Amino acid sequence: MDRHLYRVLCCVGLCIGMELAGSSVLAGARHNPDATLLIVPARPRIVQLAFDLADMRPTVILSYRKEARGVEPLLFVWKEGAWQYISPDDFRERRFVTESPRQVIMIGDEQTLPPMLEDEAAWGADVTRFKTLNIADLLNGINSLLRFTDREWKWLAARYDLTLTDINEPRRKYNPYDIPRSKLPLKTKSFEQGEGDAPPAVLIEFPAEVSAPAEAVRSAPATLPKPREPSLK
């Protein structure tokens, strides 16, 4: 093989390998199975909750402000320590994030959340919407997605002046070994009847008055016939 051709082929192979390696790195950087996109209205208390959740889990915060009817909302993403404006097209094309979120959490009722956000936030992620702005209801709902620890629950309750209630306390107090076996309910056995099977037999019990004469016959004393008196003919 010609030496010049050999060098060209080696150079081409090296460039292809570097390109494939770079694309694999970018592909890995664009996907984060643990990332969560949190979409919240531009209200101080809800935005504060979003920042608290971002300190606990890998979270991207996107804040929206609904404009007049027919006007697309104003969108801002928290990035590099500042709010950055993004256009609705950037949101639709997901150009404001470098990693694909595993799940999307939307907060806003019918009057607050713009329909465009709910319609365009598919992206193949799990989308969950909470139609409330109450902090207690939001934390109870988001817990099913983020799974707060006991320490996180205590911190959130103190921060938002909430009262924690352990709903599993009655279950922990219940001890099945405290009940004697003699007081446990017995298991009932039921037999399933298939199609075409003969019906089960029915036990017929006679009432007490039917058997009364038989008892009377057995208990009555025996009577002998009177002897015939002799007669003269």
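Residues numbered from 1 in each chain as written. Predicted model: local features only at pLDDT ≥ 70, side-chain atom pairs only at ≥ 80, totals over all residues. Heavy atoms only, no water.

Running from N to C, helix α2 (residues 44–56) and helix α6 (residues 150–159) point in directions that differ by 160 degrees, and their axes come no closer than 12 Å. With respect to α6, the axis of α2 lies roughly antiparallel. At the point where α2 passes α6, the crossing takes the right-handed sense. Of α6, the residues touching α2 (which contributes Q48, D52 and M56) are E152, W155, L156 and R159. (Axes fitted to C-alpha atoms, helices over the stretch in contact; angles between N-to-C directions. Helix = DSSP H or I, 4+ residues; strand = E, 2+ residues; numbered from the N terminus. Parallel < 35°, antiparallel > 145°, perpendicular 65-115°, else oblique. Left-handed = near helix turned anticlockwise from the far one by under 90°. Contact = heavy atoms within 4.5 Å.)

Our focus in this paragraph is the confidence of the model for the chain. This prediction gives the chain a mean pLDDT of 75; 58% of its residues lie at or above 70. The secondary-structure element of the chain with the lowest mean pLDDT is helix α1 (residues 3–29), recorded at 39, while α2 shows the highest, at 96. Low pLDDT, under 50, characterises residues 4–29; the stretch is placed with four contacts to residues that sit more than four places away or in other chains. (pLDDT = per-residue confidence, 0-100.)

Ordered in space as β4-β3-β2-β1-β5-β6, the six strands form an open sheet in which the pairing is mixed. Both outer strands of the open sheet, β4 (82–86) and β6 (126–130), are each paired with one neighbouring strand and no more. Each adjacent strand pair in this sheet contributes to an overall mean axis angle of 25 degrees, direction not counted. In this structure, strand β3 (residues 74–79) lies alongside β4, joined through five bridges in antiparallel fashion. Residue F76 lies in a different strand from β4, and its bridge partner there is Y85. Each of β1 (36–41), β2 (59–65), β3, β4 and β5 (103–107) touches α2; the most contacted strand, β1, lies at about 165 degrees to it. (Pairing = 2+ DSSP bridges.)

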